[in-house]
Amino acid sequence: MRVYTHPACLEHDPGDDHPESPARLRAVLDALDEPRFAMLERFEAPCATREQLERVHDKAYVDGIFASAPAEGYARLDPDTAMSAGSLEAALRATGAACAATDAVLANETRRAFCAARPPGHHATRDQAMGFCLFNSVAVAAAHALAVHDIKRVAIVDFDVHHGNGTQDIFRHDVRVMYASSHQMPLYPGTGAASEHGDGNIINAPLAPGAGSTEFRAVWDRSLLPELELFRPQLLLISAGFDAHARDPLAQLQLATDDYAWITRRLCELADRHADGHVVSMLEGGYDLAALRECTATHVAALAAGA
Ligand SMILES: [Zn+2]
């Protein structure tokens, strides 16, 4: 199993006291430094190319992000999302990690990969930065897989506590991609109702504030995993946010660390049946540093177990 990361991802500074801080990635990298992860193959993430980005983002939007990067201080893109001098390269490396990991699994160089990178991506739409996200890395990776590799069906699964409105927006009329998400509702960004189906390829399972392991496992077992099984994805991409954990300060779901082992095993079993085991997971949210560290370790251990 491979890990893709880059030190530039620590240089994205969204502002003092912002929850999406460089300390998050340091916690994730610390977790992966445990002796039990000595077997992980580590790779430096390349920068995403303009061609990769423009498969899902408008050219004018990509131009705007490149032009917004400040030489110093901050450029504010929305109330929650800002760029510092290091943000452009961080975002390019985060998205480049997703594409390089996708290339590696689809070339059978490895079966599983985890991208330890930031900023996150799943709120970024075709033409809007929002919710701490600049480029939608998981969406860019899915579009890259379909454009460059000989596959016809990609699943994006998203267990971040927030709905991935950007990913849904990008693929809601592209039935080559299934987007399956569990998330808290009501919560930012406000999308993700079960009635949002796209062209039948969007499966949303909203959970009420206070819901925990039982409700989470039930929606995956009864709704999301059966739909994914019918779709038979040839590649599984994971928007791995760990902010549904009970200790997370930004939401009210009550997941335990072991729930991330459970869902990861289920997803790997699905990938083993339909996708030659090919799974690429990328870090999204997770704002309690101790919980983030624990959940990442649990998730990566489960990914590696069957690799
Ligand atoms: Zn989130």
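Shown above is the structure to which this text applies.
Residues numbered from 1 in each chain as written. Predicted model: local features only at pLDDT ≥ 70, side-chain atom pairs only at ≥ 80, totals over all residues. Heavy atoms only, no water.

J.: Tell me about the coordination of the zinc ion, and please be specific about residues and values.
T.: The zinc ion binds to the protein through Asp 160 (OD), Asp 160 (OD), His 162 (ND1) and Asp 243 (OD); the donor distances cover 2.0 to 2.8 Å. Every donor counted, the four donor atoms about the zinc ion form angles of 52 to 153 degrees at the centre, which fits irregular coordination. Along the chain, the residues that donate to the zinc ion are spaced as D-x1-H-x80-D. Look at Asp 160 and you get buried, because its relative accessible area is 1%. (Donors = N, O, S within 2.8 Å, 3.2 Å for Na, K, Ca; no water. Tetrahedral: all angles 85-135°; square planar, octahedral: opposite > 155°, others 65-115°. Buried < 20%, exposed > 50% of the residue type's maximum accessible area, 1.4 Å probe, protein only.)

J.: Before we move on, could you go through the packing of helix H7 (residues 213–231) against helix H8 (residues 257–274) and cite the residues and values that matter?
T.: With their axes 11 Å apart at the nearest point, H7 and H8 run at an angle of 10 degrees to one another. It follows that H7 is roughly parallel to H8 by the angle criterion. Contacts from Ser 213, Phe 216, Arg 217, Trp 220, Asp 221, Leu 225, Leu 228 and Glu 229 in H7 reach Asp 258, Asp 259, Trp 262, Ile 263, Arg 266, Leu 267, Leu 270, Arg 273 and His 274 in H8. In terms of residue class, the contact of H7 with H8 is made up of eight nonpolar, two polar and seven charged. (Axes fitted to C-alpha atoms, helices over the stretch in contact; angles between N-to-C directions. Helix = DSSP H or I, 4+ residues; strand = E, 2+ residues; numbered from the N terminus. Parallel < 35°, antiparallel > 145°, perpendicular 65-115°, else oblique. Contact = heavy atoms within 4.5 Å. Nonpolar A, V, L, I, M, F, W, Y, C, P; charged D, E, K, R; others polar.)

J.: Describe in detail the pairing of strand S10 (residues 279–283), supporting the description with residues and values.
T.: Each regular strand displays side chains that alternate between the two surfaces of the sheet. Buried residues dominate S10, accounting for five of its five residues. On S10, burial covers both faces: Val 279, Ser 281 and Leu 283 on one face and Val 280 and Met 282 on the other are all buried. As paired elements, strand S5 (residues 112–116) and S10 share four bridges and run parallel to each other. Bridge assignment links Ala 113 to a residue of S10, and that residue is Val 280. One ladder, built from five bridges, connects strand S9 (residues 235–240) with S10; its direction is parallel. Within S10, the position partnered with Ala 240 by the bridge is Leu 283. (Pairing = 2+ DSSP bridges.)

J.: Could you give an account of the pairing of S5, naming the residues involved and the relevant values?
T.: Counting buried positions over the five residues of S5 gives five, a clear majority of the element. Side chains of S5 alternate between two faces, with Arg 112, Phe 114 and Ala 116 and Ala 113 and Cys 115 buried alike. With four bridges connecting them, strand S1 (residues 2–5) and S5 associate as parallel partners. Bridge pairing in S5 places Arg 2 opposite Ala 113.

J.: I'd like a description of unusual backbone geometry, backed by residues and values.
T.: Here Met 185 and Pro 186 are connected by a cis peptide whose omega angle stands at 0 degrees. Its identity is not glycine, yet Asp 17 carries a phi of approximately 65 degrees, on the positive side. Its place among the elements puts Asp 17 in the loop between S1 and helix H1 (22–32). Residue classification places Asp 17 among the exposed residues on the basis of a relative accessible area of 81%. Of note, Arg 232 is a non-glycine position whose phi angle comes to about 55 degrees, a positive value. As for its position among the elements, Arg 232 is in the loop between H7 and S9. Classification of Arg 232 as partly exposed rests on a relative accessible area of 44%.

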